[in-house]
Amino acid sequence: MSASSTRAPGTEGPRRTRRRTLALCVLPVVLLFVVALSAPLPFSLAQPGETANVLGRSDGKPVITVEGAETHGSDKGRLLSVTIAATRPEATVRLPDLVRAWFREDRAVMPRDAVYPGGGDTEDAEKRISAEMKDSQHKAVTAALRQLHRSPEEVRVKLRLGDVGGPSAGLFFALGIVDKLDGDGAGAGLTGGRTVAGTGTIDADGTVGPVGGVPLKTQAARRDGATWFLVPEEQCDDAGARLPSGLRLVPVGSLQGALDALEEIRTDGEVPAC
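Since the structure is predicted, the reported quantities are computational estimates derived from the model, not experimental observations. (Residues numbered from 1 in each chain as written. Predicted model: local features only at pLDDT ≥ 70, side-chain atom pairs only at ≥ 80, totals over all residues. Heavy atoms only, no water.)

Undergrad: Describe helix α5 (residues 170-181), naming the residues involved and giving the relevant values.
TA: With 12 residues, α5 should reach 16 Å at 1.5 Å per residue; the first-to-last C-alpha distance of 17 Å fits that figure. By the criterion of burial, α5 is predominantly enclosed, with 12 of the 12 residues buried. Every buried residue of α5 is accounted for by Gly170, Leu171, Phe172, Phe173, Ala174, Leu175, Gly176, Ile177, Val178, Asp179, Lys180 and Leu181. A positive phi of about 60° marks Gly183, the residue just after α5. (Helix = DSSP H or I, 4+ residues; strand = E, 2+ residues; numbered from the N terminus. Expected span 1.5 Å × (residues − 1). Buried < 20%, exposed > 50% of the residue type's maximum accessible area, 1.4 Å probe, protein only.)

Undergrad: Could you give me a rundown of the layout of surface pockets, with the residues and numbers involved?
TA: Gaps left between atoms are located by rolling a probe of water-molecule size over the structure's atoms. In this model, the largest pocket occupies a volume close to 1,100 Å³. Contributing to the lining of the largest pocket are 37 residues, with Ile84, Tyr116, Ile129, Gly165 and Gly166 lying nearest its centre. Looking at the lining of the largest pocket, the elements that each hand over two or more residues are β1 (43-53), β5 (78-86), α3 (112-115) and α4 (122-147). In terms of residue count, α4 provides more of the lining of the largest pocket than any other element does, 6 residues in total. The class makeup of the residues in the lining of the largest pocket is 18 nonpolar, 12 polar and 7 charged. (1 Å grid on protein atoms, 1.4 Å probe; cavity = no way out; pocket = protein on both sides within 12 Å on 5 of 7 lines; lining within 4 Å. Points joined across faces, edges and corners; volume = space filled by probe spheres on them. Nonpolar A, V, L, I, M, F, W, Y, C, P; charged D, E, K, R; others polar.)

Encoded structure:
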């Protein structure tokens, strides 16, 4: 027998024991990995959604209808309210889905509770989103009429925007109402013929608040032709994370601030920037 094949007496048993021990240690790790790949996770996947021109029509009807007051005329530009599209509350999202989304610029991984606060299934979520939209519309009407010193008893405003829900269209509803009722105050529209997109909640006093999915919304805005994007001022950094080329961010903190920014945009003035 050659020297290379010689084994010391009693060494084969410990080697087998070590191999068995290693196998027993690795097996749980492998099982955990398999479980992690197949287990549903509490996340939603989101992507850029649709945009809607609040100065235009939805399902063949005007997004904004005004009664009890004259409207100033037609704005040749567009005010685009922007959305995201997310997986449904009961959708199964697994680790491979998260990994694929992580490496795509047009996808985002968001905690399910952040997309659908309160939990529940799709029906529950739709009820909450619808309620949030109605509340947002009421606040937008109130803020716009206060801005113009108009009475809600005299001016009646109806808003409709298809299947879009949630509160994030509030700012642009308010801007659209001001545009319809007053425009730039000199017979023209607020946009100066430009396409301006944006997002933000609004309170009855005109305060603009933060929303979710801003980086995805900037992508939807640029895709649909916007060159300006109004963003809640505290979300400038978030909005700039994946900012598409050719889109400029404009921070706003109030309805008055948004109107001031639109004036600078349409007159090629000094537009505030993030």
